[in-house]
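# Examination of the molecular architecture
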Amino acid sequence: MGLVVVGAAGRMGRTLIRAIHEAPGAELCGAVEREGSAFVGQDAGELAGVGKLGVSISDDPLQAFASADGVLDFTAPAATVQFSGYAAQARIAHVIGTTGCSPEDDARIAAAARHAPIVKSGNMSLGVNLLAVLVEQAARALDAADFDIEVLEMHHRHKVDAPSGTALLLGQAAATGRGIDLADNAVRVRDGHTGPREEGAIGFATLRGGSVVGDHSIILAGPGERIVLSHHAEDRALFARGAVKAALWAHARKPGLYSMRDVLGLGA
Ligand code: NAD
């Protein structure tokens, strides 16, 4: 399967190039960066540290997508929305790891998914997607009158969006377990005289610093006891391998918007 990496010079972009290089059945056929990027024209393999691959980084996504079977996209929301349109036109699989998309961005991505398969997830690792299943079960089993749910996350100092896509994915799993709407019940920031905690709220706390790849804990705090479900990502290669797996899974699948839970067979 010929794959294009967009955002090829980014932290995830370079990791994706390495993951494709190691994956049987996948081949790098294009690499795209922003117009004006200093990396345009460089060999993608050399940039990613796997040696020359003969694939130059280009700033022309349309041309790169024309001869590809799929796109791996860990960039930024505005770019991802644009790429979903191009991938839909080319009728090729689009794997989206980009986080921080607005509801409007998500609506445009869903529209593109009418024409091509899209796998979108705030976290591409097996561990976090399994954790989401466990969080959903725990939230369903533990009554909101007794157990408060808080999501705590920490990421490296360069991360630009908060809460993380993974924290929101886990918050959504808790909301699904409770049968409530996350948007109506999420408390994303607390500051000053907040008053007591609202029953049924799902709280988020965000830490940033150093080189942390991604730490998440879901705390279910009840009367006299606490359950803490945690995941610690040690290497972003984990996400890249998941993204390649998602692309191979989506190849030649019917158009539609899929999640990593679909890819991993972990149910809805
Ligand atoms: P980064 O800033 O290192 O890389 C982003 C790259 O995208 C940059 O090289 C930038 O130039 C490029 N880019 C931006 N707009 C572009 C455009 N229009 N055309 C081509 N390239 C463009 O960031 P990162 O740490 O690699 O993270 C990227 C995204 O992936 C973030 O949203 C992050 O939260 C997300 N992420 C998701 C997962 C997951 O498993 N879903 C894991 C890690 C990171």
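Check the entry above for the structure.
This is a predicted model, so every value here is computed, not measured.

## Notes on the overall build of the protein chain
Helix and strand content of the protein chain: ten helices and twelve strands. Relative to the globule expectation of 18 Å for 268 residues, the C-alpha radius of gyration of the protein chain, 19 Å, shows essentially globular dimensions. Expressed as lengths along the three principal axes of its C-alpha atoms, the size of the protein chain is roughly 60 × 40 × 30 Å. When burial is assessed residue by residue, the protein chain has 49% of its 268 residues classed as buried. Long-range pairs, those at least 24 residues apart, make up 70% of the contacts in the protein chain with a sequence separation of at least 6. Total accessible area on the protein chain is roughly 12700 Å²; 50% of this is exposed by carbon and sulfur atoms. Here the protein chain contributes 24 positively and 30 negatively charged side chains, and the mean placements of these two sets differ by 3 Å.

## A look at the side chain of Ser 84
By the element assignment, Ser 84 lies in helix α4 (residues 77-90). Ser 84 sits in the buried class, given a relative accessible area of 2%. One polar contact links the side chain of Ser 84 to the main-chain carbonyl oxygen of Val 81, over a distance of 2.7 Å. If we skip the residues at most four places from it in the chain, Ser 84 touches His 94, Arg 108, Ile 109, Ala 112 and Ile 118.

## Regarding the pattern of salt bridges
Following the criterion strictly, the structure yields eight salt bridges and no others. Arg 261 is the partner of Glu 136 in a salt bridge, and the nearest nitrogen-oxygen pair spans 3.1 Å. You can see Glu 136 sitting in helix α6 (residues 126-141) and its partner Arg 261 sitting in helix α10 (residues 260-264), a full 125 residues away along the chain. Look at Glu 136 and you get buried, because its relative accessible area is 11%. Since its relative accessible area comes to 11%, Arg 261 is described here as buried. The closest approach of N and O atoms between Lys 159 and Asp 161, which form a salt bridge, is 3.0 Å.

## So, the packing of helix α1 (residues 11-22) against helix α9 (residues 237-250)
For the pair α1 and α9, interaxial distance at closest approach is 9 Å and the crossing angle is 60°. Taken together, the axes of α1 and α9 lie oblique to each other. Every pair of crossing elements has a handedness; the one defined by α1 and α9 is right-handed. Along the contact surface, α1 presents Met 12, Thr 15, Leu 16, Ala 19 and Ile 20, while α9 presents Ala 237, Phe 239, Ala 240, Arg 241, Ala 243 and Val 244. Of the residues that constitute the contact of α1 with α9, the class distribution is nine nonpolar, one polar and one charged.

The rules behind these values
Residues numbered from 1 in each chain as written. Predicted model: local features only at pLDDT ≥ 70, side-chain atom pairs only at ≥ 80, totals over all residues. Heavy atoms only, no water. Helix = DSSP H or I, 4+ residues; strand = E, 2+ residues; numbered from the N terminus. Rg over C-alpha atoms; globule rule 2.2 N^0.38 Å. Buried < 20%, exposed > 50% of the residue type's maximum accessible area, 1.4 Å probe, protein only. Contact = heavy atoms within 4.5 Å. Areas by Shrake-Rupley, 256 points an atom, 1.4 Å probe, with all protein chains shown as cover. Lys, Arg positive; Asp, Glu negative; His and termini not counted. Charge placed at Lys NZ, Arg CZ, Asp CG, Glu CD. Polar contact = N/O pair within 3.5 Å; in protein donor to acceptor, adjacent residues only side chain to side chain. Salt bridge = Lys/Arg side-chain N within 4 Å of Asp/Glu carboxyl O. Axes fitted to C-alpha atoms, helices over the stretch in contact; angles between N-to-C directions. Parallel < 35°, antiparallel > 145°, perpendicular 65-115°, else oblique. Left-handed = near helix turned anticlockwise from the far one by under 90°. Nonpolar A, V, L, I, M, F, W, Y, C, P; charged D, E, K, R; others polar.

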